[in-house]
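These are the residues of each chain, in order.
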Amino acid sequence: MVSIVGYGAYVPRYRIKVEEIAKIWGDKAESISSGLGIFEKSVPFMDEDTATIAVEAARRAIKSSDIDASEVGAIYVGSESHPYAVKPTSTIVAEAIGATPYLTAADYEFACKAGTAGLQNCIGLVKANMIKYGMAIGADVAQAAPGDALEYTAAAGGAAYIVGNEGIADINYTISFATDTPDFWRREGQPYPKHGERFTGEPAYYKHITNAAKMLMEKMGTKPEDYDYAVFHQPNGKFPVRVARMLGFKKEQYEQGLLCPIIGNTYSGSMLVGLAATLDIAKPGDRIIAVSFGSGAGSDAFDITVTDRIESYPRQNVREMISHKKYVDYGTYMKFKGELK
Amino acid sequence: MREVAVIGVGMTKFGEIWDKSFRDLVAEAGMKAIMDAGIEGKDIDAMYIGGMSSGGFVEQEHVAPLAIEVAGLEEFHIPATRVEGACASGGIAVRHGYMAVASGIHDIVIVGGAEKMTDVVGTEATNVLASAADREWEAFFGMTFPGLYALMARYHMHKYGTTPEQLASVAVKNHYNGSMNPNAQYKRRITVDDVLSSPMVADPLHLLDCSPITDGAAAIVLAPLDIAKEYTDKIVKFRASAQASDTISLFNRSRFDALPVTIHAGERAFKQAGLTPKDIDLVEVHDCFTIAEIMAIEDLGFFKKGEGGKATEEGLTAIDGELPVNTSGGLKSKGHPVGATGVAQVIEVTLQLRGEAGERQVKDARIGMTHNVGGSGGTAVVNILEGI
C-alpha cells in the first residue's frame, strides 16, 4: 500500500507581527487580524531561501524515517519562489541528502499546490513500482508587494514527504480538481504576484477545494464525520475555517493543522506543513483528509489513514518548533528579504 | 400624449456573479422581461439600455447593438440606444422609453440597465465610479464617492443633528427588507451596532453605510396603456416620469444638505401626476449611501428637511410603516449594479403594485414612486406608477 514513509518540516525562526506591518502602512492592526485571522508570520533570514528550506525539511524527513537516501528514486520540489527560473531546486536537495546520482528530479510550479502535485507524482511512481522511495517537497519564501494586503500573510516555510510502501500513514486515494482560473499570478521577470482580490475567494479557493474534497469523499464513500483530522490550504486564518464549515468539518478536526494565524501562508508549504503538524499528534487508525489549493487554479485532495508504525516514528513536532521565534521590526524584515541593498 | 404601461419585468440576481459576463447579464434580464410580457422579439419597436461605464468596467462601449445581438434582435434593425447618466443611467433610460411610447413614436419598447463591476479590482472600480464626479476638480484632488457623500452627511449632522445611529438605521432597515428579496446581493440582517463597528470608509460613513459593488441587469417592457390589457391583467401605468439636472460638482452646488435635482424632479413628477406625497404608498429611493436615503425622503417631500434620520430611526419608513421606503432592500442590500438600478427600482414598484412582492408586499399598494440619482446629485429621475 503506497504510504507516507517519513516527513519533515522547517519554518524559519524569525517573525514579524501584523502590528509592525500595519504601523508602516497606516492600517488598523485589529481589523487586519480579525479580518484575515492572522497575528504574525515567519520571515526568512538573509541567507535562507526555498532551496535551504527544502534541504532542511528533506534532511529532517530522511533522519526521522531512517531510510537510505540513495534509495530515493525521485525528488520533486514545488514552489513559487524557486531560486532559479532555469536550474532545478530539486537537484540541490538531492545532492544535499545524498540521493544522487540515480534518481529522477524536477521542479514543480502550480502556485501553492506545487508541492502536492509532486506528491501525487511520487505516489504514481511508487505504485507503478518504478521507484522504492519518492520525495515531494513544498517550500516557499513567499513574496508580496510592500503595502499589498498579501504582505500580512506571505511567509516562508516548507515540508518534505517521503513516499514508499508500508509507511506511517497510508495514502488511500488522491484526486484533483483543476480549471483555468487566473485568480493570482506572477509574470516571468516580475518580482511580485498580482491577484484578483475578491475573485480569489469564491471562484478560486472555495470552488476548487470544495469540489476536490466532495469528489474525494464521494469516491471513498465517506462523510466529514469519518475523518479525525482535516487539513486545508491556509492563505489566511479565515478561508480554511470557512471552507471547513462549508464542507461540514468541525473545529476539533481542523484546529491542529491550522498554523497560518501564527506563521502566515507558507504557500507551497502551507497545507503540507499543516499536515505535518497533524501527523505530529495522529494515532494509529486516525483518518485524515488533506486538501491543497493552488491559484490558477486547482486542488489536490488526499485520503490518509495513519498506521501502527507511526508510534515508533520520531515526530517533527512542528508546533514546538514554531514556538521558538524571534521578532523583527519592519526595517529588519525588509533587510532580510533583500529589499534594502 | 398617450398613457404608458409596464407590461413585463425581468432581472438577474444582483451580487458578485463571477460566472456571468456583461452580455450574459443583459441577455438574461432581457429574456426574462420579454417572457414576462408574453411578447416576441419581433414585437419590439425600440430599445434603450442604461449603463454607467461598461467602458470602464469591461472595456466595452457601443453596448446597444451588443444587447440587440445577444437578444437575437438584429434582423429587425430597431433603433437601439445606450443612455448614460452615471448611477441614474437606468432611470434616464426608463424615461426615454416612456417618452418614446407616450409620444406615439414607438409602441412596444424594451428598457434595460446593466453593469458588470467585478471584473476589475476594488481600486479600479472606485476610480471608474469617481468619473461620476467632477474628474478635474474633485477626483483629481482625491475625492471619491464615499468622500462626497460623507461631506454631505457631515453637514447634515451639523445642521440638523442627524446621528450616526440614524444613518445606520437606514442600512438596518434595508438589509431587513433585502433579506426577503431573493434577488438581493446581501440577505443578511444587520444591527445598528454592526454598522457602527464596520470599518470607517469616509468619516462618518462606515462600510455598512455604503452600497456595494455589484453585477446585475434589469429590464422592463413598456407599451401604450390602451393595448396593455392584451398582455397582462395586472396593469401598472406611469402617472409621471420626470428628470432634472444640476452641477456635476458638489462644490458648486447651491446647497449641501439636500439634492436640488431630487427636489425639482420630485416636484415635476407630482405635478405631472396631479398627486402629493401623501398619495404615495411606497417609494424606492437612491440609497447609494445611508445619508442619501435620509436626504431623499426629505427632498421628495415625505418628511421635513432635517427629519429624515429621525423618521427612519422611528420605523416610519419600514415595510409596515406609514411610508415604506426601499422595500427591495435598496441599493444597500439589494446591490447597486450602477446602470441597472434605475430599472430595478421600477421593477420593485411594479411587483408591489401587481401584488407580487411576496414577503415584502406592502398592503394595498396602489401608487409607487422611484427615485434615481446620478453622481453626487447631477441628475435625478423620478417616476410615479399606479396599479390599476
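Residues numbered from 1 in each chain as written. Chains lettered and ligands numbered in written order. Predicted model: local features only at pLDDT ≥ 70, side-chain atom pairs only at ≥ 80, totals over all residues. Heavy atoms only, no water.

> Please clarify how a nonpolar patch on the surface should be interpreted in this entry.
Residue and element names in this part refer to chain B. A contiguous nonpolar surface patch, about 550 Å² in accessible area, is contributed by Trp137, Phe140, Phe141 and Phe251. Here Phe140 shows up in the loop between α5 (122-129) and α6 (145-160). Assessed through its relative accessible area of 59%, Phe140 is described here as exposed. (Patch = residues over 30% accessible without salt bridge, like charges linked within 9 Å, V, L, I, M, F, W, Y side chains within 5 Å. Areas by Shrake-Rupley, 256 points an atom, 1.4 Å probe, with all protein chains shown as cover. Salt bridge = Lys/Arg side-chain N within 4 Å of Asp/Glu carboxyl O. Helix = DSSP H or I, 4+ residues; strand = E, 2+ residues; numbered from the N terminus. Buried < 20%, exposed > 50% of the residue type's maximum accessible area, 1.4 Å probe, protein only.)

> Sorry, what's going on with the pairing of strand β11 (residues 229-232) of chain A here?
For a regular strand, the rule is simple: side chains alternate between the two faces of the sheet. Residues and elements named next belong to chain A. Here β11 shows two buried faces, one formed by Tyr229 and Val231 and the other by Ala230 and Phe232. Bridge count for β11 against strand β12 (residues 287-291) is 4 bridges, and the pairing is parallel. Each residue of the ladder has a partner; that of Val231, found in β12, is Ala290. (Pairing = 2+ DSSP bridges.)

> I keep staring at the sheet that holds β11(A) and nothing clicks. Help me out?
Whether parallel or antiparallel, the strands of a sheet pair through hydrogen bonds between backbone atoms. All names here are of chain A. The strand order β5-β4-β6-β7-β1-β8-β13-β12-β11 describes an open sheet built from 9 strands, whose pairing is mixed. The outermost strands of the open sheet, each flanked by one partner alone, are β5 (104-108) and β11. Here the strands of the sheet are splayed against their neighbours by 20 degrees on average, with no regard to which way each runs. Examined bridge by bridge, strand β1 (residues 2-10) and strand β8 (residues 169-181) share 2 bridges and lie antiparallel to one another. Across the sheet, residue Ser3 finds its bridge partner in β8, namely Asp170. In the packing of helix α3 (residues 50-65) onto the sheet, the strands contacted are β1, β4 (72-78), β6 (133-141) and β7 (156-165), and the crossing angle to β1 comes to about 130 degrees. With respect to the sheet, helix α5 (residues 114-127) is in contact with β1, β4, β5, β6, β7, β8 and β13 (296-306), its orientation differing from that of β6 by roughly 175 degrees. (Axes fitted to C-alpha atoms, helices over the stretch in contact; angles between N-to-C directions. Contact = heavy atoms within 4.5 Å.)

> Even after reading the chapter, I still don't get the environment of Gly387(B), so can you show me in this structure?
All names here are of chain B. With respect to the helices and strands, Gly387 occurs in strand β11 (residues 379-387). For Gly387, a relative accessible area of 15% corresponds to the buried category. Note: C-alpha distance between Gly387 and Leu282 (105 residues apart in sequence) is 12 Å. In this view, Gly387 contacts Ile235, Val236, Leu353 and Arg366; residues no more than four positions away in its chain are not counted.

> Looking at this model, I keep getting lost on the packing of helix α7 (residues 164-178) of chain B against helix α11 (residues 290-299) of chain B. Mind explaining?
How two helices sit against one another is set out by the angle between their axes and by the gap between those axes. Residue and element names in this part refer to chain B. Axis separation between α7 and α11 bottoms out at 8 Å; the angle between their running directions is 95 degrees. Between α7 and α11, the interaxial angle falls into the category roughly perpendicular. Across the interface between the two elements, Gln166, Leu167, Val170, Ala171, Lys173 and Asn174 from α7 touch Thr290, Ile291, Glu293 and Ile294 from α11. Residue classes in the contact of α7 with α11 are distributed as 5 nonpolar, 3 polar and 2 charged. (Parallel < 35°, antiparallel > 145°, perpendicular 65-115°, else oblique. Nonpolar A, V, L, I, M, F, W, Y, C, P; charged D, E, K, R; others polar.)

> I would appreciate a short explanation of the interface of chain A and chain B in the present structure.
For interface size, the figure often reported is the accessible area lost on association. In this assembly, 7 residues from chain A lie in contact with 4 residues from chain B. When the two sides are added together, the surface that chain A and chain B hide from each other amounts to roughly 530 Å², 54% of it contributed by carbon and sulfur. The largest contributions to the chain A side of the interface with chain B come from Glu197(A), Arg198(A) and Phe199(A), which together make up 63% of the buried area. Here chain A is connected to chain B by 1 salt bridge. Close ionic contact of Arg198(A) with Glu16(B) constitutes a salt bridge, the shortest N to O distance being 2.3 Å. Counting every contact that joins chain A to chain B gives 2 residue pairs in polar contact (both at pLDDT 80 or more). Among the residues making up the side of chain A that touches chain B, the classes are represented as 2 nonpolar, 2 polar and 3 charged. (Buried area = accessible area lost by both parts, 1.4 Å probe. Polar contact = N/O pair within 3.5 Å; in protein donor to acceptor, adjacent residues only side chain to side chain.)

> Would you take a moment to explain the packing of helix α4 (residues 89-102) of chain B against helix α14 (residues 338-354) of chain B for this structure?
Residues and elements named next belong to chain B. Two numbers describe how α4 lies on α14: the axes approach to 5 Å, and their chain directions differ by 55 degrees. Comparing their axes, α14 and α4 come out oblique. Listed contacts from α14 to Ser89, Gly90, Gly91 and Val94 of α4 are Gly339, Gly342, Val343 and Val346. In terms of residue class, the contact of α4 with α14 is made up of 3 nonpolar, 5 polar and no charged.

> Would you take a moment to explain the nonpolar core for this structure?
Buried together is how nonpolar side chains tend to be arranged in soluble globular proteins. Counting 59 residues, the largest nonpolar core has Tyr149(B), Ile280(B), Val283(B), Phe302(B), Met369(B) and Ile384(B) as its most contacted members. Elements that contribute at least two residues to this core include exactly α5, α6, α7, β8 (236-245), α10 (260-273), α11, β10 (367-374) and β11 of chain B. When neighbours within four sequence positions are excluded, Met369(B) is seen to be in contact with Phe270(B), Ile280(B), Leu282(B), Val283(B), Glu284(B), Leu300(B), Phe302(B), Val349(B), Val382(B), Asn383(B) and Ile384(B). Within the second largest apolar cluster, 42 residues are counted, among which are Ala74(A), Tyr76(A), Ile168(A) and Ala169(A). (Core = buried A, V, L, I, M, F, W, Y, C linked by side-chain atoms within 4.5 Å.)

> In this structure, what is going on with the packing of aromatic side chains? I would like to understand it.
Describing an aromatic ring pair means giving the distance of the ring centres and the angle of the ring planes. All names here are of chain A. One pass over the structure, following the stated rule, counts 22 aromatic pairs over all chains. For the pair Phe45 and Phe336, a centre-to-centre distance of 4.8 Å together with 75 degrees between the ring planes defines the contact as edge-to-face. Taken together, the residues span a long stretch of sequence, with Phe45 in the loop between β3 (40-43) and α3 and Phe336 in helix α12 (residues 330-336) at a distance of 291 residues. With a relative accessible area of 10%, Phe336 lands in the buried category. A cation over a ring is seen here: Lys17 above Tyr327, with NZ or CZ 4.5 Å from the ring centre. Geometry around Tyr206 places Arg242 over its ring, the cationic atom sitting 4.6 Å from the centre. (Phe/Tyr/Trp six-rings, centres within 6.5 Å; stacked < 30°, edge-to-face > 60°. Lys NZ or Arg CZ within 6 Å of the ring centre and 35° of its normal.)

> Looking at this structure, how should I read the sheet that holds β3(A)?
All names here are of chain A. What the 3 strands build is an open sheet, ordered β3-β2-β14; its pairing is mixed. At either end of the open sheet lies a strand with only one pairing partner, and these are β3 and β14 (326-327). The pairing of strand β2 (residues 14-17) with β3 spans 4 bridges and is antiparallel. Considered in β3, the bridge of Tyr14 is made with Val43. Across the sheet, helix α1 (residues 18-25) is in contact with β2 and β3; its angle to β2 comes to roughly 50 degrees.

Functional significance is not addressed by these values, which are geometric in nature.
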